[in-house]
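# Analysis of the macromolecular model
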Amino acid sequence: MSIKTEYTDFLVIGGGVAGLRAAVELAKSGKVLVITKARETSTEYAQGGVAVALSDEDEVGIHYEDTIRAGDGLCNERAVKILVEEGPERILELISWGAEFDREGTKLAFTQEAAHTRRRILHAHGDATGREIEGVLLNKVRSISNISKYEFAFTIDLLINDGFCRGALLLKESNKEIVAIISKAVVLATGGAGQLYVRTTNPPVTTGDGMAIAYRAGAILEDMEFVQFHPTTLYAPRAPQFLLSEAMRGEGGILRNINGEKFMSNYHPSVELAPRDIVSRSIISEMVKTKARHVYLDLTHLSSQFIKKRFPRIYSTCLLYDIDITEDLIPVCPSAHYIMGGVKTDTDGRTNIKGLFAAGEVACTEVHGANRLASNSLLEGLVYGPRAGKAASEYGGRTRKSKISPPSYKIYKVRREIEIDKIRTSLRRLMWDRAGIIRCSKSLREAKVKVSKWETLLNHNFATRRELEIKNMVTVAGLITEAAVLREGSIGAHYRSDFPERGKNWKRHIRFNK
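The text that follows walks through the structure, step by step, so that each part is easy to find. (Residues numbered from 1 in each chain as written. Predicted model: local features only at pLDDT ≥ 70, side-chain atom pairs only at ≥ 80, totals over all residues. Heavy atoms only, no water.)

## Re the side chain of R387
- By the element assignment, R387 lies in helix 10 (residues 377-397).
- Looking at R387, the relative accessible area reads 15%, which means it is buried.
- A distance of 3.1 Å separates polar atoms of two side chains, one belonging to R387 and the other to D348.
- Not counting residues within four places of it along the chain, the set of residues in contact with R387 comprises R78, I82, E86, T347 and D348. (Helix = DSSP H or I, 4+ residues; strand = E, 2+ residues; numbered from the N terminus. Buried < 20%, exposed > 50% of the residue type's maximum accessible area, 1.4 Å probe, protein only. Polar contact = N/O pair within 3.5 Å; in protein donor to acceptor, adjacent residues only side chain to side chain. Contact = heavy atoms within 4.5 Å.)

Right, here's the structure in full:
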């Protein structure tokens, strides 16, 4: 089929915090096109807040130490140093652009979350921090005339010519048109891959697309075995897997089993404020012991007025499902939340492919190590988005616009026996059951065998978003399971019941390159 060609100076794929902040930086050097496959992003789902050392009781060095400790020995120390040192400046910049974080009088209000040794979590409107940051960045982007945006445009693949990234091939869902966008540089900011799991806090858009297209283009992917599961998401028959913020435990929430008994003291001295991986595994263990499908989060001992003010969105959402969090125990269960691995980059967002940059959850700077510290994700986007944008801008300044011919694209018609939605459901259940919170050689190899049967899909071109997503999901699921098999040891968010210790060569980073 014929492919239309369009040109821009810089292409940003993804419209969350990292992508928007990269676009603002790139706009200083030329025309920027931001493309998103939908309107929603993971950024706006972030409730808990953004971690930053700005309070009187905190220091950058303490934030650094907490991040390193949570990463369980696999953090890139330089990447962490950049995150915590540049974080305050980026937050103050955001405030100057109109961000309204909650305050106590005239001072910024800070709260505490698991594995933080100081109250350093900024929040907005109680539990709508991501939405506030996303809104401010969108307004900033709209105020810049040389940034344009395509919504509902799915990135099929990156365009690679002579080893250089020259743009991307898009599917415009509105008219089913396939378009080649040619640019000097591309910044990937597509977010994570939570939809690979049947239980996830992530929105439907997080199907691992950026990781998959980067891998197909020849980029290095790293640390794919490290998938973080959030301990507390709402578990109710009619309810979505709604995230119940880490801050609820930071403010004094207590975990109880199905019999109403406290249990975290049996698993970790920090009880409810233990690192996420430990809390998630503790909940699963307690569910197995009591033969239950959930545990409870208890806030009933806290002031009703405080709960409503501090967690207004969570309070109102739970009421829709007949749960009053000021009076009732809240049924909760872990869900897939964040992937620490992704497209390997340096601290300026550069990948191993010239012209391709990445930032945010899709990227792996090793800043999170084996387990992300709570509320460092929004900060990562605010710090590494502009760093990637600046590096891409400098690269683009040395690069002339390409006049490459767009590739041919012969569409593969899906046969009836290839039931895409059925494969999607089976894949998500498989990853939850066999490559989830607790793993072992047997379960992971079963997952690998099943995923490999779907890999025939990788040999075909498709022309619908649903088909293209499952192609990407199969790709990323294969990488996660393979990395998890190769890491014969337990570290951070990766727990092997057959290898509960760290194992040999535990400091290595597992990398894949097609």
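## Quick word on the environment of L26
- Structurally, L26 can be placed in helix 1 (residues 17-26).
- Not counting chain neighbours up to four residues away, the residues in contact with L26 comprise F10, V12, V32, V187, G389, A392 and S393.

## Notes on the pairing of strand 10 (residues 153-161)
- Where burial is concerned, most of strand 10 is hidden: 7 out of the 9 residues are buried.
- Note that strand 10 and strand 11 (residues 164-172) share 8 bridges and pair antiparallel. Residue pairing across strands places F154 opposite L171, the latter belonging to strand 11. (Pairing = 2+ DSSP bridges.)

## Quick notes on the pattern of salt bridges
- Under the definition given, this model contains 39 salt bridges.
- We note a salt bridge from E25 to K28, for which the minimum N-O separation is 3.0 Å.
- According to the relative accessible area criterion, E25 is buried, its value standing at 12%.
- Here R387 ties to D348 by a salt bridge, and the two come within 3.1 Å at their closest N and O atoms. Remark: D348 occurs in the loop between strand 19 (342-344) and strand 20 (356-358) and R387 occurs in helix 10; sequence separation between them is 39 residues. (Salt bridge = Lys/Arg side-chain N within 4 Å of Asp/Glu carboxyl O.)

## Describing the sheet that holds strand 1 (residues 4-7)
- With mixed pairing, the 4 strands of this open sheet are ordered in space as 1-12-11-10. Each edge of the sheet is formed by a strand with only one pairing partner; in this case those strands are strand 1 and strand 10. For this sheet, the mean angle separating the axes of adjacent strands, direction not counted, is 30°.
- In this structure, strand 11 lies alongside strand 12 (residues 177-182), joined through 6 bridges in antiparallel fashion. Each bridged residue has a counterpart across the sheet, and for A168 the counterpart in strand 12 is I181.
- The strands touched by helix 13 (residues 465-486) within the sheet are strand 10 and strand 11, with strand 10 carrying the most contacts at an inclination of about 55°. (Axes fitted to C-alpha atoms, helices over the stretch in contact; angles between N-to-C directions.)

## Thoughts on helix 4 (residues 129-142)
- Over its 14 residues, helix 4 runs 20 Å from end to end, which matches the ideal 20 Å to within 8%, given 1.5 Å per residue.
- Along helix 4, the residues classified as buried are T129, G130, E132, I133, E134, V136, L137, L138 and V141.
- Residues of helix 4 that are buried sit in contact with helix 1, strand 4 (50-51), helix 3 (77-96), strand 8 (121-122), strand 9 (147-150) and helix 10. (Expected span 1.5 Å × (residues − 1).)

## A short note on the packing of aromatic side chains
- A complete count under the given rule lists 4 aromatic pairs for this structure.
- Judged by centre distance (5.3 Å) and plane angle (85°), the ring pair of Y197 and F229 falls under edge-to-face. A residue pair is termed long-range when its members are at least 10 positions apart, and Y197 in the loop between strand 13 (185-188) and helix 5 (209-217) and F229 in strand 15 (residues 227-234) qualify at 32 residues.
- Its relative accessible area of 1% is what places Y197 among the buried residues.
- Judged by centre distance (6.2 Å) and plane angle (85°), the ring pair of F263 and Y267 falls under edge-to-face.
- Exposure remark for F263: the relative accessible area of 1% places this residue in the buried category.
- A residue is classified by how much of its surface remains accessible, and Y267, at 25% relative accessible area, is partly exposed.
- Ring pairs connect the aromatic residues Y197, F229 and W432, which therefore count as one cluster. (Phe/Tyr/Trp six-rings, centres within 6.5 Å; stacked < 30°, edge-to-face > 60°.)

## A look at the sheet that holds strand 8
- Read from one edge of the open sheet, 3 strands run 4-8-7, paired in antiparallel fashion. Bordering the open sheet on either side are strand 4 and strand 7 (110-111), each of which pairs with just one other strand.
- As paired elements, strand 7 and strand 8 share 2 bridges and run antiparallel to each other. Across the sheet, residue T111 finds its bridge partner in strand 8, namely I121.

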